[in-house]
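Summary of the model geometry
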Amino acid sequence: MNSVLLGYACLGLAIAFEVSGSTFLQKSQQFTKLLPTLLFVALYGLSFFFLSQALKSMPLGVAYAIWSGLGIVLTAAIGIIVFGQMLDTGAVVGIAMIVIGVAIMQLFSTAPSH
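Everything numeric in this text was worked out from a predicted model, so none of it was measured.

Another aspect to go through is the packing of aromatic side chains. Inspection of the entire model under this criterion finds seven aromatic pairs. Judged by centre distance (6.2 Å) and plane angle (45°), the rings of Tyr44 and Phe48 are tilted. Taken together, the positions of Tyr44 and Phe48, both in helix α2 (residues 34–54) and four residues apart, correspond to about one turn of that helix. Classification of Tyr44 by relative accessible area gives buried; the value is 19%. Judged by relative accessible area, which is 43%, Phe48 ranks as partly exposed. Here Phe48 and Trp67 contribute two aromatic rings whose centre-to-centre distance is 5.5 Å and whose plane-to-plane angle is 55°, an arrangement assigned as tilted. Linking Phe48 in helix α2 with Trp67 in helix α3 (residues 60–81), this pair joins segments that are 19 residues apart in sequence. Note on Trp67: relative accessible area 6%, which makes it buried. Ring pairing ties together the aromatic residues Phe31, Phe40, Tyr44, Phe48, Tyr64 and Trp67, which thus form one cluster.

Mean pLDDT over the protein chain works out to 93, with 96% of the residues at or above the 70 mark. Within the protein chain, the lowest mean pLDDT, 91, falls on helix α4 (residues 89–108), and the highest, 98, falls on α2.

For the rest of this paragraph, the subject is the environment of Leu55. Structurally, the position occupied by Leu55 is in the loop between α2 and α3. Exposure remark for Leu55: the relative accessible area of 33% places this residue in the partly exposed category. Residues Leu55 and Val82, spaced 27 residues apart in sequence, show a C-alpha to C-alpha distance of 31 Å. In this structure Leu55 touches Leu60 and Ala63, once residues within four positions along its chain are discounted.

A rise of 1.5 Å per residue sets the reference length of helix α1 (residues 3–27), with its 25 residues, at 36 Å; its end C-alpha atoms lie 36 Å apart and thus fit the reference within 8%. Looking at the buried positions of α1, the neighbouring elements they touch are α2 and α3. A distance of 3.1 Å separates the backbone nitrogen of Val4 from a side-chain oxygen at the start of α1, and that oxygen is part of Asn2. Remark: Gln29 follows α1 within two positions and exhibits a positive phi of approximately 50°.

Positive phi is not limited to glycine here, since Gln30 has a value of about 60°. Mapped onto the elements, Gln30 comes out in the loop between α1 and α2. For Phe31, which is not glycine, the phi torsion reads 65° and is therefore positive. On the basis of relative accessibility, which here comes to 49%, the residue Phe31 falls in the partly exposed class.

Rules of the game
- Within each chain, residues carry numbers counting from 1 in the order of the written sequence.
- Two thresholds apply to this predicted model, a pLDDT of at least 70 for residue-level local features and 80 or more for giving and counting side-chain atom pairs, whereas whole-chain, interface and lining totals are computed over all residues.
- Note that the side-chain values use all heavy atoms of the structure and ignore hydrogens as well as water.
- Whether two aromatic rings pair depends on their centres lying within 6.5 Å, for rings of Phe, Tyr and Trp, where Trp uses its six-membered ring; planes under 30 degrees apart make the pair stacked, over 60 edge-to-face, and the rest tilted.
- Secondary structure elements follow DSSP: runs of H or I of four or more residues count as helices, runs of E of two or more count as strands, with numbering from the N terminus.
- Here's how the labels work: a residue is buried when its accessible area is under 20% of the maximum for its type, exposed when over 50%, partly exposed in between, all with a 1.4 Å probe on protein chains only.
- A score between 0 and 100, pLDDT records how confident the predictor is in each residue.
- Residues count as neighbours in contact if any of their non-hydrogen atoms are within 4.5 Å of one another.
- By definition here, a helix of n residues has an expected span of 1.5 Å times n minus one.
- Pairs of N or O atoms within 3.5 Å make up the polar contacts considered here, provided that, within protein, one atom can donate a hydrogen while the other can accept it, and that residues adjacent in sequence are counted only when both atoms are side-chain atoms.

Written out as structure tokens, the structure reads:
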């Protein structure tokens, strides 16, 4: 597997662990529930580990933009689906702008190894 592809695989895992960790952060009820709190800590640790591995083959700004942008979108979706949270128009527009920004970066960036 080439290093760029491995970097994106690590970034995908980092995003998955971050979103899962954020879900358990909500379930921890402000760190009052032990198991969800421990899962939150473990999943965030894994997320940062895999993010650090992705940085071996892509610039920090690119990796972080994708990690945070997709994390925001997926976490918002989990908030709606799992926790019944609603987003107002401003939140939806803001999230859409983040998605557009990440897409523009992916399509037009000439950053090294991107």
